[in-house]
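Given next are the chains, with one letter for each unit.
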Amino acid sequence: MGASILQVLVVGMVIAASVTIILDRLRQPVVLGYLLAGLVVGPNTMGLIHDLASIKGLADLGIIFLMFAVGLEFDLTKLRKV
């Protein structure tokens, strides 16, 4: 039976948190932990998540959050100077 989007999200977040904690103790960048977690969770490595539509949906959601965070950090006074 296929996994629901909630199960996919929970598995992804648990693995991302675990890898990030390990790399933080090794004094490595957090982004590297997220990338490694994505490789581990993906269908081509260990195959923990098989539903490609769920993975694509979560990837799109991640891009939306990333663009939102960049937008919050964007300074309009610097844009006016340019």
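As a reminder, the structure under discussion sits directly above these lines.
Remember, predicted model here, so these are calculated numbers, not experimental data.

Calculation criteria
Residues numbered from 1 in each chain as written. Predicted model: local features only at pLDDT ≥ 70, side-chain atom pairs only at ≥ 80, totals over all residues. Heavy atoms only, no water. Helix = DSSP H or I, 4+ residues; strand = E, 2+ residues; numbered from the N terminus. Rg over C-alpha atoms; globule rule 2.2 N^0.38 Å. Buried < 20%, exposed > 50% of the residue type's maximum accessible area, 1.4 Å probe, protein only. Contact = heavy atoms within 4.5 Å. Lys, Arg positive; Asp, Glu negative; His and termini not counted. Charge placed at Lys NZ, Arg CZ, Asp CG, Glu CD. Salt bridge = Lys/Arg side-chain N within 4 Å of Asp/Glu carboxyl O. Patch = residues over 30% accessible without salt bridge, like charges linked within 9 Å, V, L, I, M, F, W, Y side chains within 5 Å. Areas by Shrake-Rupley, 256 points an atom, 1.4 Å probe, with all protein chains shown as cover. Polar contact = N/O pair within 3.5 Å; in protein donor to acceptor, adjacent residues only side chain to side chain.

Here we take up the overall build of the protein chain. In terms of regular secondary structure, the protein chain is built from four helices and zero strands. Ordered by position from N to C terminus, the α and β elements of the protein chain give α-α-α-α. Taking 82 residues into account, the globule formula puts the C-alpha radius of gyration at 12 Å, and the protein chain, at 16 Å, lies well above it. Counting only C-alpha atoms and orienting by the principal axes, one finds that the protein chain spans roughly 55 × 30 × 20 Å. Among the 82 residues that make up the protein chain, the fraction classed as buried is 17%. Counting only contacts in the protein chain whose residues sit at least 6 apart along the sequence, the fraction spanning at least 24 positions is 34%. Computed over 6 positive and 5 negative side-chain charges, the inter-centroid distance for the protein chain is 10 Å.

Evaluated as defined, the whole model comprises one salt bridge. Measuring nitrogen to oxygen at the nearest pair gives 3.5 Å for the salt bridge that ties Asp60 to Lys56. A residue pair is termed a helical-turn pair when its members lie 3 or 4 positions apart in one helix, as Asp60 and Lys56 do in helix α3 (residues 52-73) at four residues. Judged by its relative accessible area of 38%, Asp60 falls in the partly exposed class.

Attention now goes to unusual backbone geometry. With a phi angle near 60°, Arg27 is a residue other than glycine that sits in the positive phi range. Tracing the backbone through its elements, the reader meets Arg27 in the loop between α1 (5-25) and α2 (30-41). When its relative accessible area of 75% is taken as the criterion, Arg27 is described as exposed.

This part takes up a nonpolar patch on the surface. A cluster of nonpolar side chains, namely Ile5, Leu6, Leu9, Val10, Met13 and Val14, defines an oily patch on the protein surface of about 570 Å² accessible area. Mapping Val14 onto the fold places it in helix α1.

Mapped onto the elements, Thr20 comes out in helix α1. Only 2.6 Å separates the side chain of Thr20 from the backbone oxygen of Ala16, close enough to count as a polar contact. Beyond its immediate stretch of four places on either side in the chain, Thr20 contacts Val30, Gly33 and Tyr34.

These results come straight from atomic positions and should not be treated as a statement about function.
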